[in-house]
Amino acid sequence: MASAAAATDRSGDDRRAPGVVTFGQPLVDLSMRVTGETLRALGITREQEGGCIGIAPDAMAQLKRDLLAASGGVLPDDEGGFAMCAGGSAANVAKALALLGTRAAFYGQLGRDEEGAYFAAALRKKGVRVLAPERASDLPTGNCLCLVSSSASASEEEEAGGGRTERTMRTCHGASADISSKDWNPRTLDNGGAGRYTHMHAEGYLVAANPELFAQLLETARSDTSPATTTSMDLASFDLVRAKRDTFKKALVSGGVSVLFCNEEEAKAFAEEEAEEAEISAQEGDDCANVGPQVSHCLRVLRRYAETVVVSLGAQGCVALSREGREVDLVARAPAPKIPVLDTTGAGDFFTAGFLHARLSGRTLQESCADACIAGAAACLQVGTDINSETLHAFIQQTRSM
C-alpha cells in the first residue's frame, strides 16, 4: 500500500483552512431496517437492542444467512438487502466534516480487497483524503452490520416527531484492527506540504483497542507548537465504556485531550464509579446546566479529563462544559431540532463533526453546540450515513432560520 502522503488526493485543497484528521477503524457499513420480531428470531432480546458487539468473520457470515432466513428470503433495502456505505465512527466524522466545509482526512487500515477499494473511493467521493500506514494488511476490510428497529409506540412517535429508533450493531473488524503505534508517522500531519492538519480526532473504538496508538497521537499534539495541534475523542458506546472504563481513564488521565464527546448513557457509565459524589451532588442540588444533578455530576467528572466536555442528550439536545481560564467553567446548552427520525446511524458522528466544524471555525461554545445538534439531526433523515451535500446544507439553512 502507498505511503500516507502518496495515498492523498490533493484536489481542491486550501492550505490556510483548518484541517482535521480522524483516526479509527474503517468499516463498510451494511444497514437494514428490521422489526423487533426479526431481532428476536436472530436471538437478540429487547434488552440487547442498541448494543454493539464484535464478532468473527464466520459469525458475520452466519448472521447474514440467519437474517435472510428470518426475513422470509426477501430483504427490503438496497444491494443484497442492505444499504451499503463506507462507515466506522471516525470515517463518518470525516465525511460529515468534509460535507460541512472543513478540510478532512481519515487515517486507518484497509484490506487489499474490493471492499477496501470501495471504502477508499467512497470517502474520496465525499471529499475526504484517505491516509493509511505504509505497512499493508493481509486481513479483509472490516464490516459493520447495523440493524435499525423502531422502539416507539404511535403516541411516542407523534410526540418525538418521528419516533425513537435503536441501532443493534455487529462488527467484524478485520484489517481495521491490524494497526499499531509503530505504524504512526507524525509527518502524516504535514500532508506533503498541501496544508497541515491541525486537529486530530480519535474514535473511542480505536482508543479502547489501541491505547498505545492514541498515546502516540497525544504525544504528537504535545510536541506540535507551530501551529498548535488540538485533539478530541469520543467514548464510542455505553457497552464499550463499561467494558473498557479503566482503559479510557488511563488514556485520558495523561491530559492533552481538547474535547471529549459522549452521549448521556456513556457519560453515566464513565462516571458511575463516583456514585458517592453523585449522591452528594444530588443532595446539594447541583445542576450546572438545568439537566438534572446526575448529568451535571457526569459533566464535572468528565471535565477532569478534557478541556471541554460535550454530552449529547438525544431529543433533548446537548450540554457542554468548558474550561475558560484556570478557574471558570463555561456552560452551554442547545436544543435538538424536531424531525421525523428515519435512522439514527451516524447521528453521533455528525453531531461531533458539527461541533468541531463550528469550534475550529471560531464559533462560540453555544453556537458550536447548536450546530452540533443540527448536524446530528440531519443524519437521521435517511437510512445509513450517506447524506448528500445539498440535503445537508438545505436542512442546516432551514433549521437555522426557524
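### Points about the overall build of the protein chain
- Along the protein chain, the regular secondary structure elements total 14 helices and 14 strands.
- Counting the 402 residues in the protein chain, one finds 54% classified as buried.
- Roughly 17,500 Å² of accessible area belongs to the protein chain as shown, and the carbon and sulfur atoms make up 50% of that amount.

### Some details on the confidence of the model for the protein chain
- Looking at the protein chain as a whole, the pLDDT averages 85, with 85% of positions reaching at least 70.
- Here residues 1-15 is a poorly scored stretch, pLDDT under 50, and it has 39 contacts once near neighbours within four places are set aside; other chains count.
- Per-residue pLDDT stays below 50 along residues 152-162; that stretch engages in 14 contacts with residues further than four places along the chain or on separate chains.

### Quick word on empty space enclosed by the protein
- What the rule picks out here adds up to one cavity of 30 Å³ or more.
- The computed volume of the largest cavity comes to approximately 40 Å³.
- Those elements that place two or more of their residues in the lining of the largest cavity are β9 (199-202), α7 (211-223) and β10 (230-234).
- Of the residues contributing to the lining of the largest cavity, the split by class is five nonpolar, three polar and no charged.

### Some thoughts on helix α3 (residues 89-100)
- For α3, which comprises twelve residues, the first-to-last C-alpha distance of 17 Å matches the rise-based estimate of 16 Å (1.5 Å per residue) to within 8%.
- Summarising burial for α3: twelve of the twelve residues are buried, a large majority.
- Three or more residues of α3 are buried, namely S89, A90, A91, N92, V93, A94, K95, A96, L97, A98, L99 and L100.
- In the stretch just after α3, G101 is the one whose phi turns positive, near 115°.

### Quick notes on the environment of V28
- Of note, V28 is situated in strand β2 (residues 27-33).
- With 145 residues separating them along the chain, V28 and H173 place their C-alpha atoms 9.8 Å apart.
- The contact partners of V28, leaving out residues within four places of it in the chain, are M84, C85, G87, E115, Y118, F119, T141, G142, N143 and C144.

### With respect to the pairing of strand β12 (residues 308-312)
- A large share of β12 lies buried, amounting to five of its five residues.
- Across five bridges, the pairing between strand β11 (residues 259-263) and β12 is parallel. The residue of β12 that forms the bridge with N263 is S312.
- Looking at chain direction, β12 and strand β13 (residues 318-324) are connected through five bridges and run antiparallel. By the bridge assignment, T308 is partnered in β13 with S322.
- Connecting β12 to the next strand, β13, in antiparallel fashion are five residues, including G314 with a positive phi near 65°.

### What to know about the pattern of salt bridges
- Tallying each qualifying case throughout the model produces eleven salt bridges.
- R112 is the partner of D138 in a salt bridge, and the nearest nitrogen-oxygen pair spans 2.2 Å. Of this pair, D138 sits in the loop between β6 (129-131) and β7 (142-150) while R112 sits in the loop between β5 (103-107) and α4 (114-125), placing them 26 residues apart in sequence.
- Take R112: its relative accessible area is 57%, and that puts it in the exposed class.
- Among the salt bridges present, the one from E264 reaches K268, with a minimum N-O distance of 2.9 Å. A residue pair is termed a helical-turn pair when its members lie 3 or 4 positions apart in one helix, as E264 and K268 do in helix α9 (residues 264-271) at four residues.

### Quick look at the packing of aromatic side chains
- In this structure the tally under the stated criterion is six aromatic pairs.
- For the ring pair F106 and F119, a centre distance of 5.6 Å and an interplane angle of 55° mean the geometry is tilted. Of this pair, F106 sits in strand β5 while F119 sits in helix α4, placing them 13 residues apart in sequence. Like F119, F106 is buried.
- Judged by centre distance (5.4 Å) and plane angle (90°), the ring pair of Y107 and W184 falls under edge-to-face. Of this pair, Y107 sits in strand β5 while W184 sits in the loop between β8 (165-172) and β9, and the two are 77 residues apart along the sequence. For the pair Y107 and W184, a shared accessibility class is recorded, and that class is buried.
- Its guanidinium or amino end placed over the ring of F270, K249 lies 5.2 Å from that ring's centre, counting from NZ or CZ.

### A closer look at the state of the cysteines
- Overall, the coordinates contain zero disulfides when judged by the stated rule.
- In this structure C298 is a free cysteine whose sulfur lies 7.9 Å from that of C262, the closest cysteine sulfur available.
- For C298, a relative accessible area of 4% gives the class buried.

### Quick word on the sheet that holds β7
- Here five strands make up an open sheet; going across it, the order is β3-β8-β7-β2-β4 and the pairing mixed. In this open sheet, the two edge strands, each paired with only one partner strand, are β3 (52-54) and β4 (83-87). When strand polarity is set aside, the average angle formed by the axes of neighbouring strands in this sheet is 20°.
- Relative to β8, β7 runs antiparallel, the two sharing eight bridges.

About the criteria used
- Residues numbered from 1 in each chain as written.
- Predicted model: local features only at pLDDT ≥ 70, side-chain atom pairs only at ≥ 80, totals over all residues.
- Heavy atoms only, no water.
- Helix = DSSP H or I, 4+ residues; strand = E, 2+ residues; numbered from the N terminus.
- Buried < 20%, exposed > 50% of the residue type's maximum accessible area, 1.4 Å probe, protein only.
- Areas by Shrake-Rupley, 256 points an atom, 1.4 Å probe, with all protein chains shown as cover.
- pLDDT = per-residue confidence, 0-100.
- Contact = heavy atoms within 4.5 Å.
- 1 Å grid on protein atoms, 1.4 Å probe; cavity = no way out; pocket = protein on both sides within 12 Å on 5 of 7 lines; lining within 4 Å.
- Points joined across faces, edges and corners; volume = space filled by probe spheres on them.
- Nonpolar A, V, L, I, M, F, W, Y, C, P; charged D, E, K, R; others polar.
- Expected span 1.5 Å × (residues − 1).
- Pairing = 2+ DSSP bridges.
- Salt bridge = Lys/Arg side-chain N within 4 Å of Asp/Glu carboxyl O.
- Phe/Tyr/Trp six-rings, centres within 6.5 Å; stacked < 30°, edge-to-face > 60°.
- Lys NZ or Arg CZ within 6 Å of the ring centre and 35° of its normal.
- Disulfide = S-S within 2.5 Å.
- Axes fitted to C-alpha atoms, helices over the stretch in contact; angles between N-to-C directions.

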